[in-house]
Amino acid sequence: MTKYIDLWPSGVPTVGQRAERTREVLQRDIELFTAISGDRNPLHYDEEVAKTTKFGEIIVQGGITSAILNAVVAEELPGPGTVFLHVDWNFKAPVRPGDKITGSVEVLNVRTDKPITELKTTVTRDDGAVALEGKALCYTMPLPQNDKPRSDI
């Protein structure tokens, strides 16, 4: 049987603990997300249409903006084996190709009876604008020990 403390690769998260990850968003991300989702909204592809909106230019799909949080949660905090149970996100500002975004999480609560963590979640653009903010409830499941190096896709 897996011990509660063994569920997290870096130990049980603590309230106030933080992690983040930064990446540049590319036009190619829009194409890849469209292939997965089928989202062909003109706001993501048609510069002429996008110019006539309050955004004034091409913006990326919300799923691209929030995806960085998947990486932070699964790779950093709480870490491998973690999945979202519930998210409550507000999209506050658009993200455009060429923007650098930072996904950040902060531990708000850790259950002692189950490997469930409540996180404050934020995605911030490199100009300081908050693109997404909210909360997430995560579950961390035990993974078998594997000494093989993980491959990057």
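Check the entry above for the structure.
Just so we're clear, the structure is a prediction, and the values are computed from it rather than from any experiment.

Trainee: Let's hear about the overall build of the chain: which residues, and what values?
Mentor: Each helix and strand in the chain was counted, giving three helices and five strands. Reading the secondary structure of the chain in the N-to-C direction produces β-α-α-α-β-β-β-β. Expressed as a percentage of contacts within the chain between residues at least 6 apart in sequence, the contacts between residues at least 24 apart total 66%. If you sum the accessible surface of the chain, you get close to 9300 Å²; carbon and sulfur atoms cover 50% of it.

Trainee: For the sheet that holds strand β4 (residues 116–125), give the residues involved together with the corresponding values.
Mentor: Across the sheet, five strands lie side by side as β1-β3-β4-β5-β2; this open sheet has antiparallel pairing. The open sheet has two edge strands with one neighbour each: β1 (18–24) and β2 (82–91). The mean inter-strand angle of the sheet, taken between neighbouring strand axes irrespective of direction, is 20 degrees. Its contacts with the sheet put helix α3 (residues 62–75) on β1, β2, β3 (100–110), β4 and β5 (130–140), and the angle it makes with β3 is roughly 50 degrees.

Trainee: Any chance you could break down a nonpolar patch on the surface for me, citing the residues and the numbers?
Mentor: Residues V83, L85, L137, M141 and L143 make up a contiguous nonpolar surface patch of about 400 Å² in total accessible area. You can call V83 partly exposed: its relative accessible area is 37%.

Trainee: Kindly report on the environment of L143, identifying the contributing residues and their values.
Mentor: For L143, the location among the structural elements is in the segment after β5. Sequence separation of L143 and T82 is 61 residues, and the distance between their C-alpha atoms is 9.7 Å.

Trainee: Lay out helix α1 (residues 27–37) in plain terms, naming residues and giving numbers.
Mentor: All of the buried residues along α1 are D29, I30 and T34. Seen end-on, α1 carries its buried residues on one side only, within an arc spanning 135 degrees. For α1, the exposed residues set more than 90 degrees away from the buried face come down to A35 and I36. At its buried positions, α1 is contacted by β1 and α3. Of the residues trailing α1, G38 is marked for its positive phi of about 85 degrees.

Trainee: With reference to specific residues and values, describe the nonpolar core.
Mentor: Judged by nonpolar contacts, the single largest core of 24 residues is most densely connected at L69, V105 and V123. Counting residues per element, the ones that place at least two in this core are α3, β3, β4 and β5. Broken down by element, this core gets its largest block of residues, five residues, from α3. With residues near it in sequence (within four places) discarded, V123 still touches T65, I68, L69, I101, T102, G103, A129, V130, A131 and L132.

Trainee: A description of the pairing of β5 should follow, citing residues and the corresponding values.
Mentor: Residues in a regular strand project their side chains so that they alternate between the two faces of the sheet. Examined bridge by bridge, β2 and β5 share nine bridges and lie antiparallel to one another. Within the sheet, the bridge partner assigned to D88 lies in β5 and is K135. Linkage of β4 to β5, two consecutive antiparallel strands, is achieved through a turn of four residues, within which G128 is found at a positive phi near 95 degrees.

Trainee: So what's going on with the pattern of salt bridges? Residues and values would help.
Mentor: Enumeration over the complete set of coordinates arrives at ten salt bridges. Note that D29 is salt-bridged to R23, the shortest N-O span being 3.1 Å. For D29, a relative accessible area of 13% puts it in the buried group. A salt bridge links E48 to K51, with the nearest nitrogen and oxygen atoms 3.9 Å apart. In this pair, E48 and K51 are both assigned in helix α2 (residues 47–51), three residues apart and thus about one turn of the helix distant. Of the residues examined, E48 reaches a relative accessible area of 55% and is grouped as exposed.

Rules behind the numbers
- Residues numbered from 1 in each chain as written.
- Predicted model: local features only at pLDDT ≥ 70, side-chain atom pairs only at ≥ 80, totals over all residues.
- Heavy atoms only, no water.
- Helix = DSSP H or I, 4+ residues; strand = E, 2+ residues; numbered from the N terminus.
- Contact = heavy atoms within 4.5 Å.
- Areas by Shrake-Rupley, 256 points an atom, 1.4 Å probe, with all protein chains shown as cover.
- Pairing = 2+ DSSP bridges.
- Axes fitted to C-alpha atoms, helices over the stretch in contact; angles between N-to-C directions.
- Patch = residues over 30% accessible without salt bridge, like charges linked within 9 Å, V, L, I, M, F, W, Y side chains within 5 Å.
- Salt bridge = Lys/Arg side-chain N within 4 Å of Asp/Glu carboxyl O.
- Buried < 20%, exposed > 50% of the residue type's maximum accessible area, 1.4 Å probe, protein only.
- Arc of directions from axis to C-beta.
- Core = buried A, V, L, I, M, F, W, Y, C linked by side-chain atoms within 4.5 Å.

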